[in-house]
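# Fold and contact review
These are the residues of each chain, in order.
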Amino acid sequence: RLWVMTGTDQVWASDLLDHTAYNVARQFRISDGTPDNMVTMKVFNETNLVCGKERSIWRITDIVGGLSTSQLLPVTKQYGCVAAESMVDIGTDLWWWSQDGARSGPES
């Protein structure tokens, strides 16, 4: 499955085993109504997609299979991710650069 950031706050998921086919049912709006642009996203622990925005971090859970049980959950709204390429796996943690230095999360 291919995950694509679109616009300032959307993530689309392709069909399983077909990166060229998309369905509107597999779109996620990563937003709580505040102006906060997407910066990056990264698969975490094979079952979560972590989305780094300028002022918040979100995750989509259960990203395997048909996505019918997937949920969008906020990780934090206290800080975000300021550099797209900074979100990396280190051991069992996910780290990124925020406005005030290196941060880690979410808990698995």
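Note that residues are indexed from 1 along each chain, following the sequence as it is written. Restriction of local features to residues with pLDDT of at least 70 applies here, the model being predicted, together with a cutoff of 80 or more for giving and counting side-chain atom pairs; totals for whole chains, interfaces and linings are based on all residues. To obtain the side-chain values, all non-hydrogen atoms of the structure were used and water was disregarded.

## Side note on the packing of aromatic side chains
Note the cut-off: The rule is short: rings of Phe, Tyr and Trp, with Trp giving its six-membered ring, pair when the centres are within 6.5 Å, and they are stacked under 30 degrees, edge-to-face over 60, tilted in between. To qualify as a helix, a DSSP run of H or I must reach at least 4 residues; to qualify as a strand, a run of E must reach at least 2; elements of each kind are numbered from the N terminus. Relative accessibility thresholds used throughout: buried, under 20% of the residue-type maximum; exposed, over 50%; partly exposed, between the two (1.4 Å probe, protein chains only). Counting as a charge over the ring demands two things of the Lys NZ or Arg CZ atom: a distance within 6 Å of the ring centre and an angle within 35 degrees of the ring normal.
Using the criterion set out here, one finds 3 aromatic pairs in the structure. Judged by centre distance (6.4 Å) and plane angle (55°), the rings of W12 and Y22 are tilted. Here W12 is found in strand β2 (residues 10-15), whereas its partner Y22 is found in strand β3 (residues 18-29), with 10 residues between them in sequence. According to the relative accessible area criterion, Y22 is partly exposed, its value standing at 33%. With a centroid separation of 6.5 Å and 35° between ring planes, the pair formed by Y79 and W96 is classed as tilted. One end of the pair, Y79, is in the loop between β7 (72-76) and β8 (88-90); the other, W96, is in strand β9 (residues 93-98), with 17 residues separating them in the sequence. Comparing Y79 with W96, the two get one shared label, buried. The ring of Y79 is capped by R103, whose NZ or CZ atom sits 3.9 Å from the centre of that ring.

## A word on unusual backbone geometry
Not every positive phi belongs to a glycine, and N45 is a case in point at roughly 55°. Position of N45 among the secondary structure elements: in the loop between β4 (38-44) and β5 (48-53). The partly exposed category is assigned to N45, whose relative accessible area is 38%. In the Ramachandran plot, D62 falls in the positive-phi region, its phi being about 50° despite a non-glycine side chain. By the secondary structure assignment, D62 is in the loop between β6 (57-61) and β7.

## Looking at the sheet that holds β4
Let me state the cut-off plainly: Any two strands with at least two DSSP bridges between them are considered paired. Between the N-to-C directions of two axes lies an angle of 0 to 180 degrees, each axis being a line fitted to C-alpha atoms and, for a helix, fitted only over the stretch in contact.
Taking strand neighbours across the sheet as the criterion, the 4 strands line up as β4-β5-β6-β7 in an open arrangement whose pairing is antiparallel. Either end of the sheet is taken by a strand with one partner, and the two such strands are β4 and β7. Geometrically, the sheet is characterised by an average inter-axis angle of 25° between neighbouring strands, direction not taken into account. Two elements, β6 and β7, share 4 bridges in a ladder whose sense is antiparallel. Opposite I57, over in β7, you have T76 as the bridge partner.

## Here we look at the pattern of salt bridges
Test applied: Here, a salt bridge means any Lys or Arg side-chain nitrogen found within 4 Å of an Asp or Glu carboxyl oxygen.
According to the stated counting rule, one finds 6 salt bridges in the structure shown. A salt bridge links R26 to D15; its shortest N-O distance comes to 1.8 Å. Of this pair, R26 sits in strand β3 while D15 is found in strand β2, placing the two residues 11 residues apart along the sequence. R26 gets classed as buried once you look at its relative accessible area, which sits at 15%. Linking K77 and D32 is a salt bridge whose minimum nitrogen-to-oxygen distance equals 3.2 Å. Linking K77 in the loop between β7 and β8 with D32 in the loop between β3 and β4, this pair joins segments that are 45 residues apart in sequence. Residue classification places K77 among the partly exposed residues on the basis of a relative accessible area of 49%. Given the relative accessible area of 37%, D32 is considered partly exposed.

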